[in-house]
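A structural walkthrough
So the chains spell out like this:
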Amino acid sequence: MRKLLVGVCGFVTSCAFAAPVLLENEAMAIRFSSAGSGFAVESIVNKVAGGAAFLSTGPKVSDFWEIQLTSDGGVQPRNTVRLQNHTPSRERLLEQVEGGYAFVWKGLSIPGGEKEAVDVRAEVRLPPGSAQSLWTISVENRSAKWALKETHYPCLRGVVKSGQADVLMPFKNLGARLHKAYDTEKGAVGTFGYPGWYPMVAAYLQGEAGLYVAAHDPDGRNKSIVFGRGASVEFLTPVENSGCVGKAAEGPRYPVAVSVFKGDWWTAAHLYRDWALKQKWCAKGMMARRPDFPKAAAETDLWILGNGGPSSVSNQMVKARAALPGLDLAFHWYGWNVQPFDTHYPEFLAQAGVRGVSAWMNDVGIRPMPYLNGRIWDQSLASAPYARVDACAKPDGTIQRERYANRDFAVMCPWTAGWRRTLVYNATNTVVQTSAGALYYDQITCSRPQLCFNPSHGHPLGGGSWWAEGYRQALQPIHAALSAKGIPLTSEGTAESWIDDVDALLNWTTPEADDVPFYPAVYSGYTVYFGTPVQGWDSPETLWALETRALLWGVAPGWVGHWTFNKGREDYARNLLAIGRVRHAARDFLAWGTLEGPLRFSEEVKTVPVTWKVRKGKTEDFVVRTAEFPGVQGTWWRDATGGRTALVVANFAARPNAVSFVLPQGVTALVPRAIEGQPTVAARIGAEKASLTLAPHQIAVLEVR
């Protein structure tokens, strides 16, 4: 290994010979400042898409890395110090490593602590011919008092200029939102935690020039992606044994991928898919090839949301069954147990009569799916003292608490054998109590970890992969027992970490105009997404538009309340029936297949306005959302064999709509599939384009021949 000395003085800005550093290949160029300027990441140039440049650093901010150390295990924030790439050090070195450079800070001093106690090594590798660079960081801490708490790396500042780029950010609805013409000062910012429903990925798009930034962590460690004002992005990682002197890990132990590409957000999603499908949560393969995957998870045509005792629910489901003939249904049953909602967890006892009503529902093609909570323990219960030994603990030894329904709940540690036994017992016992046709475990796949510092649990304190692995170990026996009976296991939120043991993931949040189907673009064919909430204060046309958009994206429709089947709501039920019939008729693509990309039009498509209401928190007030949807939208699908392709296309207008669109290479025919209630549609095929006319609010499925 060749070592290049670029600074040897107490603070290297006095070294006039230091020069900027360029790491470059055929695809991208990454420019770092001189050692005297802290090796700041100054720019990344996308050479595969016209030389577009990203990043613009500011003075004295952490524009490469930042670390935090603590002297009391993290009990008091004031006992935390920050070091960053501009912090004075004894020397800063540049070393050549295979495919790139190691940037080394030797002898960083801790303010108010030991002198020259910390070394930091940040490596950036860009192999020849690759459009992807990999970034890692490690720390050597010799302090007898201060311990590493967390790293922030890489810290990329001023990634794009305000209003001149679109930004893909994580979000609850199917993984991401696309912020058009992103305002770097007023646009969305935030900290998105993992594991949970937020993917650790971002993409920045200047026209067709893209920059992709993602944590490629095969072990699913606790971490966050942080977006700040000025278009900054960084990854915050609590290290293993965070804050423990002499025991804290020396770094987060996973690479961050920074890539360039030519394309749009779909291209970024496929970059993530290329990595994600190789990870442990996809090791069982596609759903269609898994002997342990319950078919009912994929082949439920429509999901219904409801609450109440057995008498009320049976009346609701009689109406639903009559309104939705021929569809396979699932009923998400809240209120099946005697305890009020959001109380008494994890104690669940069925009301009398639930088992009989559930058996009837199973007989008529409606899978009852009772609610359980898989994360918290009500501290008002007599059993609460037994929970505390298995609860997540703060650095000061007190338990991590959250509040629901005006009650305190302990957040339970999934690494503990006691909590895992509770989860297994509740799952298997609830199936027996209720004759469940599916089972829902709330919070597991949405809620970010609460860091745990209880040394008796046996996992690394604070950071690490123990949360993801703990739930993996808990879910495996549950899934094995349920799938042997053909019973799907589902959970709240669209997290990736456990899709091999959770069969379907609920998308329960209200749709947004700038949602994109990021997770379906990555994981369709490997898991099921279901649910697009629409409320009774919205119109039947709004329900149709939102549910149809989700259908095109591969989301099983519904999770709409049983109010849909009441007298005077017939238009809502008819729309749900029409959408459910499409998914039923095209299960080989929409249920089992893979979402490949959008239908691209050869000429402009007129838009139609769609308006819906979103409740403001827990108040009775609403925010009105209005979006211009393309009048025609479509997606391309491939079946689970990979041998067949289909186009699913919908007319969002209340009038006939004629469109012309681009054909994939080699397509000579598009054969329509018969769908009950939908008129026949014929596509006219040209050399590279096709055209068709859709009836008002028609959804068509055309198979490529």
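Let me sum up the structure you'll find in this document. All values derive from a computational prediction rather than experimental measurement.

Let us now look at the pattern of salt bridges. A side chain of one charge can pair with a side chain of the opposite charge if their charged atoms are brought near each other. Tallied over the entire structure, the rule returns 40 salt bridges. Of the charged contacts, one joins glutamate 596 and arginine 273 as a salt bridge, the two residues approaching to 3.7 Å between their closest N and O atoms. Here glutamate 596 is found in strand β34 (residues 594-598), whereas its partner arginine 273 is found in helix α1 (residues 265-276), with 323 residues between them in sequence. For glutamate 596, a relative accessible area of 25% translates into the label partly exposed. Overlapping salt bridges bring together Asp217, Asp219, Arg221, Lys223, Lys280 and Glu469 as one network.

This paragraph deals with the sheet that holds strand β2 (residues 21-24). Read across the sheet, four strands follow the order β2-β3-β4-β5 without closing on themselves; strand pairing throughout is antiparallel. Each end of this open sheet is capped by a strand with a single partner; those strands are β2 and β5 (52-54). Neighbour to neighbour, the strand axes of the sheet diverge by 20 degrees on average, direction disregarded.

Take the side chain of arginine 221 next. One can find arginine 221 in the loop between β17 (209-215) and β18 (223-228). Here aspartate 217 takes part through its side chain, which lies 2.7 Å from a polar atom of the side chain of arginine 221. A polar contact of 3.1 Å, which involves the side chain of arginine 221, links it to the backbone oxygen of proline 252. Ignoring sequence-local partners within four residues, the contact set of arginine 221 consists of Tyr194, Pro195, Glu240, Pro252, Arg253, Tyr254, Gly464 and Ser465.

Packed helices, taken two at a time, are described by their axes: the angle between them and the distance between them. Two elements in contact, helix α9 (residues 540-552) and helix α10 (residues 570-585), have axes whose closest approach is 9 Å; the angle formed by their N-to-C orientations is 15 degrees. Classed by the angle they form, the pair α9 and α10 counts as roughly parallel. As for the relative orientation of α9 and α10, their crossing is right-handed in sense. Counted together, Pro540, Glu541, Leu543, Trp544, Glu547, Thr548 and Leu551 of α9 and Asp571, Tyr572, Asn575, Leu576, Ile579, Val582 and Arg583 of α10 form the full contact between these two elements. Of the residues contributing to the contact of α9 with α10, the split by class is eight nonpolar, two polar and four charged.

Rules used in this analysis
Residues numbered from 1 in each chain as written. Predicted model: local features only at pLDDT ≥ 70, side-chain atom pairs only at ≥ 80, totals over all residues. Heavy atoms only, no water. Salt bridge = Lys/Arg side-chain N within 4 Å of Asp/Glu carboxyl O. Helix = DSSP H or I, 4+ residues; strand = E, 2+ residues; numbered from the N terminus. Buried < 20%, exposed > 50% of the residue type's maximum accessible area, 1.4 Å probe, protein only. Pairing = 2+ DSSP bridges. Axes fitted to C-alpha atoms, helices over the stretch in contact; angles between N-to-C directions. Polar contact = N/O pair within 3.5 Å; in protein donor to acceptor, adjacent residues only side chain to side chain. Contact = heavy atoms within 4.5 Å. Parallel < 35°, antiparallel > 145°, perpendicular 65-115°, else oblique. Left-handed = near helix turned anticlockwise from the far one by under 90°. Nonpolar A, V, L, I, M, F, W, Y, C, P; charged D, E, K, R; others polar.

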